[in-house]
Amino acid sequence: MKVLFALMLVSTAALADDAALLKCRQLEDGPVRLACYNAIVVNPAAPAPAAAAARTAAPAYTTVAAPTEAEMAAMFGREPEVLKSARLNSIETSINGPFDGWVRGQRIRLANGQVWKVVDDTEDVVELNNPKVTVKRGLLGAIFLDIEGAHRNPKVQRVQ
């Protein structure tokens with residue numbers, strides 16, 4: 001009877017891990033998916049009999065290190081739910097070459113390889129060369145581009 005109870009506890013912990021794995025599996029972006037898998041804690045808190053059964057069934061794992069700042073910057077705007085508490089508030093980069101402004105729906109490629117789409121109705125005409133850009137998170141989670149030398153900060157959504 002004790003063994004059955006221990007196996008039930010182990011299988012419940014496995015189901016919790018399976019749910020986290022399924023959540024990560026649904027993410028399309030590779031680095032985001034990897035960070036999601038890395039954030040899964042696989043160390044079920046079970047009573048002594050269940051812990052003994054777990055050791056014989058599978059190796060015990062400890063918490064994986066949190067993503068680095070570079071990994072978090074690569075995921076900026078696409079963080080999975082499990083990483084929302086550790087997310088960055090802004091990243092700094094630039095736009096390579098000449099930049100003449102934006103209109104709604106325009107895609108802006110940043111020097112770090114990210115592509116952001118303007119989703120609000122702001123427009124601006126500027127003549128800038130290699131402007132510095134800060135991608136910032138607003139109060140309610142919206143994301144804005146602060147382009148050095150521009151008159152406005154467009155609301156954006158990450159495309160790539």
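Please refer to the structure placed before this passage.
One structure accompanies this document, and this report is about it. (Residues numbered from 1 in each chain as written. Predicted model: local features only at pLDDT ≥ 70, side-chain atom pairs only at ≥ 80, totals over all residues. Heavy atoms only, no water.)

## Quick notes on the packing of aromatic side chains
- Applying the stated rule across the entire model yields one aromatic pair.
- Here the aromatic rings of Phe99 and Trp102 are separated by 6.4 Å at their centres, their planes lie at 20°, and the arrangement is stacked. By the burial criterion, Phe99 is buried, and Trp102 matches it. (Phe/Tyr/Trp six-rings, centres within 6.5 Å; stacked < 30°, edge-to-face > 60°. Buried < 20%, exposed > 50% of the residue type's maximum accessible area, 1.4 Å probe, protein only.)

## Some points on the nonpolar core
- In this structure, Phe99, Ile108, Val135 and Ile147 are the most contacted members of the largest nonpolar core, which totals 23 residues.
- Elements that contribute at least two residues to this core include exactly helix 2 (30-39), helix 4 (69-75), strand 2 (98-102), strand 4 (115-118), strand 5 (124-129), strand 6 (132-137) and strand 7 (143-147).
- Residues in contact with Phe99, not counting those within four places in the same chain, are Ile108, Val126, Glu127, Leu128, Pro131 and Ile147. (Core = buried A, V, L, I, M, F, W, Y, C linked by side-chain atoms within 4.5 Å. Helix = DSSP H or I, 4+ residues; strand = E, 2+ residues; numbered from the N terminus. Contact = heavy atoms within 4.5 Å.)

## With respect to the side chain of Gln114
- The topology assignment puts Gln114 in the loop between strand 3 (107-109) and strand 4.
- With a relative accessible area of 3%, Gln114 lands in the buried category.
- For Gln114, the contacting residues outside a window of four places in its chain are Ala73, Ala74, Phe76, Ile91, Ile108, Arg109, Arg158 and Gln160.

## Details of helix 2
- Of the positions making up helix 2, those classed as buried are Val32, Ala35 and Cys36. Looking down the long axis of helix 2, one finds its buried residues gathered within 105° of arc, a one-sided arrangement. (Arc of directions from axis to C-beta.)

## Thoughts on the side chain of Asp124
- Following the sequence through the fold, Asp124 ends up in strand 5.
- Taking relative accessible area as the criterion, Asp124 reaches 7% and is therefore assigned buried.
- At 2.7 Å, the side chain of Asp124 and the backbone nitrogen of His151 are in polar contact.
- Setting aside anything within four residues of it in sequence, one finds Asp124 in contact with Asp100, Gly101, Trp102, Ala150, His151 and Arg152. (Polar contact = N/O pair within 3.5 Å; in protein donor to acceptor, adjacent residues only side chain to side chain.)

Read these as geometric descriptors, not functional statements.
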